[in-house]
Structures are given as structure tokens and as C-alpha cells.
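Chains, contacts and geometry: an overview
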Amino acid sequence: DVAIMMNAGLALDMPYLDQTGAEGVGLFRTELQFLIGSQLPSVASQEALYREALDLANGKPVIFRTADIGGDKTAPYMDHGNEVNPAMGWRGLRMAVDRPGMIRPQLRALLSAAAGRTLYVMFPFVTLPTEIDDIRALLDREIDRAKRRDKELPEAIKVGAMIETPASAWRADLIAEKVDFLSVGGNDLAQFFFAADRDSERVQRRYDPMNGGFLNFLKNTVEKVSRTGTPLSYCGEQTADPVTAAALIGVGVRLFSLPAAFVGPFRRMVRTLDA
Ligand code: PEP
Ligand code: MG
């Protein structure tokens, strides 16, 4: 069985959940809210967006990916320094654990938006298993803070990690043991596997998710993770191409999250496929 979830990033995306029949939001890119404004969004406005997304999902799960700023997504009010290779620089979970000033309010907003419901929170751009310990410590601090203030907490909290670097894919089993679920961010993972910029037209030919080496690498990752029992999804946008999506099913992926527009063609492909 193949399960289909949807990628989103704005409240406006949420009606597609019903239109596509997706089982939930497998990737909610929270940084969009950070990128459209001229300043850091307040805790209240973050919380309002997350609550709205949960309300509009009507009981279906929404997996919030904490802000992955840096790399191809830069915010005007943030100093990213002068990195020669920002895609490999200070971004995602790295920024969160090194300077928690931005992640702590975000976790606070997520915890209160999901009060009484299940919170699914997923961390981007993991490289090392120890980074999961660091972020869990920060999350625990926010949970304690909420408790001290008698705030209502989520009924359950599920923590996920994104596998988007070869280092994390190679040790995905160790990361799997520290989280409740994993999601392969194939857009970034392929970029670093091939050392080919995901946005550069000149190297597009070298960024080929159908390449045997890449598929074999994914298969190895999926197998390692499946031995741990931790669920794994694939949220990279290579699923735009039904043939590539079929190959991903071939290497063992059974849970996908894709842009709403890809869901129909993907489902038609799945119906005709003998895995
Ligand atoms: C990815 O890298 O595959 C991913 C889903 O995250 P983003 O495209 O936002 O980097
Ligand atoms: Mg990514």
C-alpha cells in the first residue's frame, strides 16, 4: 500500500487536502511565513497560522517542518554572513541548535497551537544524530516552560527528522532510533549526493534522481530505517515525474508527501504499478 500526503506552507494550501484526498500534510514549510514579512513573525502570528492549518486539516495530521532559512531561502532581516556555499552553510537545524533565539519561540507557538491535539514537528537539515539530542533538549525546555505556566499541552508530541544530507542518510538508522518518524528531503539530498546545485540549469543533467547510484543509495537508507521500525516518508519533489516516483516505490518507499498538483498523476501511476 502506498500512502499519499501533501506538501503545504500557507493556510491557502489547506483546502487542497480535501480536493486531492491526501491523508494529511507530510511537509508544512513553516519558513514561508518567515520569508514573506519584513521582520521575524511574532509568536502570536506563528501560533495563529499553525492553529489555522490544524483547524483546516480537520483531524488529518499536519507535519510542521521548523523554519529552514539559509541556503536557497534567505530572510531580509537576518544576517546570514558571507558564506560562499550557503546551501551547505548555517541553515535549518544547525541554526536552531547553535542560536536558539528563533527556534524557541517557534516551538512555543507549535506547542500552544496544537494544545489538546497531536503535534507533529519535524526538523530540517540534520547531519549528525547528536543534533537530535540537542533539539530535543530545547523542545523539552519549552514543554517545561509551558507546564510551569499551566498551559495546555498537545495530547501527544511526535518528533521527526529530515534526511537531506548524505551524512544523515548513511546513518539514518541511528537517527531513526532518536525520533518518531523520518522524511527524506530528496531535493536537498540529491543536490548533495551529486554535488550539483538543485537550482542550477547548467548542472541539471547531473542532478538525476533516476541515476542508479542515487536509487541504490536511497534503497540502502530505506532498508536501514525499516529495520528500526521508524516510519519513513519521501517529500522531495522528484515525484513530479511519475516514472521517478515509480522508481522510488521500487526502492521501497511507501509513504509520500507531494505538492497538491502532483497528487492526481501520482495516484494514477500507483494504480497501474506492480511494485
Ligand atoms: C527537500 O529538500 O527535499 C525538501 C522537501 O525541503 P525543501 O525543498 O524545502 O528544501
Ligand atoms: Mg530541503
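Residues numbered from 1 in each chain as written. Chains lettered and ligands numbered in written order. Predicted model: local features only at pLDDT ≥ 70, side-chain atom pairs only at ≥ 80, totals over all residues. Heavy atoms only, no water.

1. Concerning helix α10 (residues 212-226)
Residues spaced three or four apart along an α-helix face the same direction, because each turn holds 3.6 residues. For α10, spanning 15 residues, the distance from its first C-alpha to its last is 21 Å, which sits close to the expected 21 Å at 1.5 Å a residue. For α10, the secondary structure elements touched by its buried residues are α7 (166-170), α8 (172-176), β6 (181-184), α9 (186-194), β7 (232-234) and α11 (242-250). Looking at where α10 begins, the residue whose side-chain oxygen comes 2.7 Å from the main-chain nitrogen of glycine 213 is asparagine 211. (Helix = DSSP H or I, 4+ residues; strand = E, 2+ residues; numbered from the N terminus. Expected span 1.5 Å × (residues − 1). Contact = heavy atoms within 4.5 Å. Polar contact = N/O pair within 3.5 Å; in protein donor to acceptor, adjacent residues only side chain to side chain.)

2. Details of the packing of α9 against α10
Viewed as axis vectors pointing N to C, α9 and α10 meet at an angle of 120°, and their least axial separation amounts to 11 Å. In this view, α9 runs oblique relative to α10, as classed from their interaxial angle. Considering only the axes of α9 and α10, their crossing is right-handed. Two secondary-structure elements touch here, α9 through Leu189, Ala190, Phe193 and Phe194 and α10 through Gly213, Phe214, Phe217 and Leu218. Of the residues assigned to the contact of α9 with α10, the class counts are seven nonpolar, one polar and no charged. (Axes fitted to C-alpha atoms, helices over the stretch in contact; angles between N-to-C directions. Parallel < 35°, antiparallel > 145°, perpendicular 65-115°, else oblique. Left-handed = near helix turned anticlockwise from the far one by under 90°. Nonpolar A, V, L, I, M, F, W, Y, C, P; charged D, E, K, R; others polar.)

3. As for a nonpolar patch on the surface
The grouping of Leu10, Leu12 and Ile36 at the surface amounts to a nonpolar patch, some 330 Å² of accessible area in total. Here leucine 10 shows up in the loop between β1 (3-8) and α1 (16-20). We classify leucine 10 as partly exposed; its relative accessible area is 33%. (Patch = residues over 30% accessible without salt bridge, like charges linked within 9 Å, V, L, I, M, F, W, Y side chains within 5 Å. Areas by Shrake-Rupley, 256 points an atom, 1.4 Å probe, with all protein chains shown as cover. Salt bridge = Lys/Arg side-chain N within 4 Å of Asp/Glu carboxyl O. Buried < 20%, exposed > 50% of the residue type's maximum accessible area, 1.4 Å probe, protein only.)

4. Topic: the packing of aromatic side chains
Applying the stated criterion across every chain yields a total of eleven aromatic pairs. Centroid distance phenylalanine 194 to phenylalanine 214: 5.7 Å. Interplanar angle 40°. Geometry classified as tilted. In this pair, phenylalanine 194 is assigned in helix α9 and phenylalanine 214 in helix α10, connecting sequence segments 20 residues apart. The pair phenylalanine 194 / phenylalanine 214 is uniform in exposure class, with both members buried. Here the aromatic cluster, defined as three or more aromatic residues joined through ring pairs, consists of Trp170, Phe193, Phe194, Phe214 and Phe217. Stacked on the ring of phenylalanine 125, the Lys or Arg arginine 91 has its end atom at 3.9 Å from the ring centre. Sitting over the face of the ring of tryptophan 170, lysine 224 holds its NZ or CZ atom 4.4 Å from the ring centroid. (Phe/Tyr/Trp six-rings, centres within 6.5 Å; stacked < 30°, edge-to-face > 60°. Lys NZ or Arg CZ within 6 Å of the ring centre and 35° of its normal.)

Just geometry here; none of it tells us what the structure is for.
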